[in-house]
Amino acid sequence: MDITIYPKLITDALATVTYAGTKKSIIDSGMLADDIRIDGMSVSFTLIFPRDTDPFMKSTIKAAEAAIHFHVGKDVQVTVNTEFASKPRPEVGKMLPGVKNVIAVSSGKGGVGKSTVAANLAIALARLGYKVGLLDADIFGPSVPKMFDVEDERPYSIKKDGRDLIEPIGKYGVKLLSIGFFVNPDTATLWRGGMASNALKQLIADADWGELDYFVLDTPPGTSDIHLTLLQTLAITGAVIVSTPQNVALADARKGIDMYQNDKVNVPILGLVENMAWFTPAELPENKYYIFGKDGCKNLAKEMGVPLLAQIPLVQSICENGDNGTPAALNADTITGQAFINLAQAVVTVTNRRNKEKGATKIVEVTRH
């Protein structure tokens with residue numbers, strides 16, 4: 001027996017369906033669009049979900065169909081369309097349209113001062129007048145919040161172009177994001193590789209980085225899933241490899257260089273930074289003590305055919321400034337501050353040369369068999 005269907009029958013039926021994301025009904029959650037269409041025994045309407053990856057979408061659609069069949073009629077033909085309050089994430093290769101250069105700061109091993117170099121490079125580039133972003137991609141050991149004295153900051157969400165985006169923290173002229181903003185700094189981050197990679201993708205693709213001349217990536221030490229995620233997500237302009245002059249560090253630096261120069265990766269090496277190149281006491285600024293060996297990175301750069309971008313001295317104030325959230329590059333009048341300004345100028349030079357001589361880096365594609 002045919003029945004007469006009218007909009008209130010539909011809305012009353014849908015009012016019995018609970019959306020798990022809000023624990024309220026579809027109607028109370030404001031999910032039903034104003035487009036109910038009725039044609040005899042056929043009904044169509046649109047449900048608006050927060051995003052296209054909503055985990056409750058399929059179950060909610062099935063529940064809506066079942067509610068119509070139960071409350072209106074089992075013979076009703078139901079068509080449920082979907083819309084999303086937030087536009088989907090841009091596809092790989094189109095994530096950061098306003099970013100000109102992506103610079104990965106890497107090291108073959110931990111403890112060589114990679115994060116210190118990345119933070120000071122970002123600040124020095126900003127002091128030279130460039131628009132700079134810094135992503136702390138060291139998911140398991142984030143240090144950028146402390147180095148910039150923003151540990152208590154919490155990024156907030158903004159609505160832009162139909163998407164919910166994370167607003168980076170601004171400090172010293174640099175836009176910052178780190179997983180450290182979202183986890184307890186006193187608790188170890190125990191994540192499986194997939195979880196860490198997804199978190200990193202969010203910090204890249206779901207953030208409002210805007211227009212940047214340089215997007216600096218502070219990568220984890222060594223080679224890992226995180227590096228693969230970065231290479232699969234971003235077209236990296238070039239890599240800066242950080243090492244101390246020690247032989248053991250140089251051996252690991254070679255591995256880092258090899259990772260980027262692998263045939264499937266092909267990310268240009270912009271150059272090497274020799275950190276802790278020598279020790280200079282504050283009271284004897286002209287003296288140099290080569291605690292970890294002399295010119296190790298300089299020799300490696302020559303051997304590998306890449307530039308030596310800078311030799312950064314080991315000065316107690318570098319550590320103190322990092323711990324205090326006032327990186328050395330903020331003061332160009334000091335030995336270390338000037339060293340980081342010189343590094344930034346060298347990075348600009350080699351990046352410009354790389355962009356003239358080579359095409360854009362291709363994102364690494366991983367094929368599964």
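Note that the coordinates shown come from a computational prediction; the quantities given were computed from them, not determined experimentally.

Asker: How would you summarise the nonpolar core if you had to cite specific residues and measurements?
Answerer: Among soluble globular proteins, nonpolar side chains are generally buried collectively. Of all hydrophobic cores here, the largest spans 87 residues; its most connected members are F148 and F215. Not counting the four nearest positions on each side in its chain, F215 is found in contact with L96, V99, N101, V102, I103, G133, L134, L135, W209 and L234. In terms of nonpolar packing, the next biggest core, distinct from the first, is built from 24 residues, I26, V43, F49 and V76 among them.

Asker: Account for helix 7 (residues 247-261), naming residues and giving values.
Answerer: Its 15 residues place the ends of helix 7 21 Å apart at the C-alpha level, agreeing with the 21 Å of an ideal helix rising 1.5 Å per residue. Every buried residue of helix 7 is accounted for by A249, L250, D252, A253, G256, I257, M259 and Y260. Along the axis of helix 7, the buried positions cluster into a sector of 165°, meaning they face one direction only. Relative to its buried face, helix 7 has exposed residues pointing more than 90 degrees away, namely N247, K255 and D258.

Asker: How would you explain the packing of helix 1 (residues 7-14) against helix 2 (residues 57-71) if you had to name every residue and give the values?
Answerer: Packing of helix 1 against helix 2 brings their axes to within 9 Å, and their N-to-C directions diverge by 120°. What the angle tells us is that helix 1 and helix 2 run oblique. Regarding helix 1 and helix 2, the two cross each other, and that crossing is right-handed. Here helix 1 contributes I10, A13 and L14 to the contact with helix 2, which in turn contributes A64, A67, I68 and H71. Residue composition of the contact of helix 1 with helix 2, grouped by class: six nonpolar, one polar and no charged.

Asker: Account for helix 2, naming residues and giving values.
Answerer: Between its terminal C-alpha atoms helix 2 stretches 21 Å, which fits the 21 Å expected from 15 residues at 1.5 Å a residue. Of all the positions in helix 2, only M57, T60, I61, A64, A67 and I68 are classed as buried. Considered in projection along helix 2, the buried side chains sweep an arc of 125° and stay on one side of the axis. In helix 2, the exposed positions angled more than 90 degrees off the buried face are occupied by K58, K62 and F70. Buried residues in helix 2 make contact with helix 1, strand 1 (18-19), strand 4 (42-49) and strand 5 (77-84).

Asker: Before we move on, can you summarise the packing of aromatic side chains with the specific residues and values?
Answerer: Counted according to the given criterion, the structure contains seven aromatic pairs. Both rings, one in Y19 and one in F49, keep their centres 6.1 Å apart while their planes meet at 70°; by these two values the pair is edge-to-face. Taken together, the positions of Y19 in strand 1 and F49 in strand 4 put the pair 30 residues apart, joining distant regions of the chain. Of the two residues, Y19 and F49, both sit in the buried class. Centre to centre, the rings of W209 and F215 are 4.7 Å apart; their planes meet at 55°, and the pair counts as tilted. Each member of the pair, W209 together with F215, is buried.

How each quantity is defined
- Residues numbered from 1 in each chain as written.
- Predicted model: local features only at pLDDT ≥ 70, side-chain atom pairs only at ≥ 80, totals over all residues.
- Heavy atoms only, no water.
- Core = buried A, V, L, I, M, F, W, Y, C linked by side-chain atoms within 4.5 Å.
- Buried < 20%, exposed > 50% of the residue type's maximum accessible area, 1.4 Å probe, protein only.
- Contact = heavy atoms within 4.5 Å.
- Helix = DSSP H or I, 4+ residues; strand = E, 2+ residues; numbered from the N terminus.
- Expected span 1.5 Å × (residues − 1).
- Arc of directions from axis to C-beta.
- Axes fitted to C-alpha atoms, helices over the stretch in contact; angles between N-to-C directions.
- Parallel < 35°, antiparallel > 145°, perpendicular 65-115°, else oblique.
- Left-handed = near helix turned anticlockwise from the far one by under 90°.
- Nonpolar A, V, L, I, M, F, W, Y, C, P; charged D, E, K, R; others polar.
- Phe/Tyr/Trp six-rings, centres within 6.5 Å; stacked < 30°, edge-to-face > 60°.

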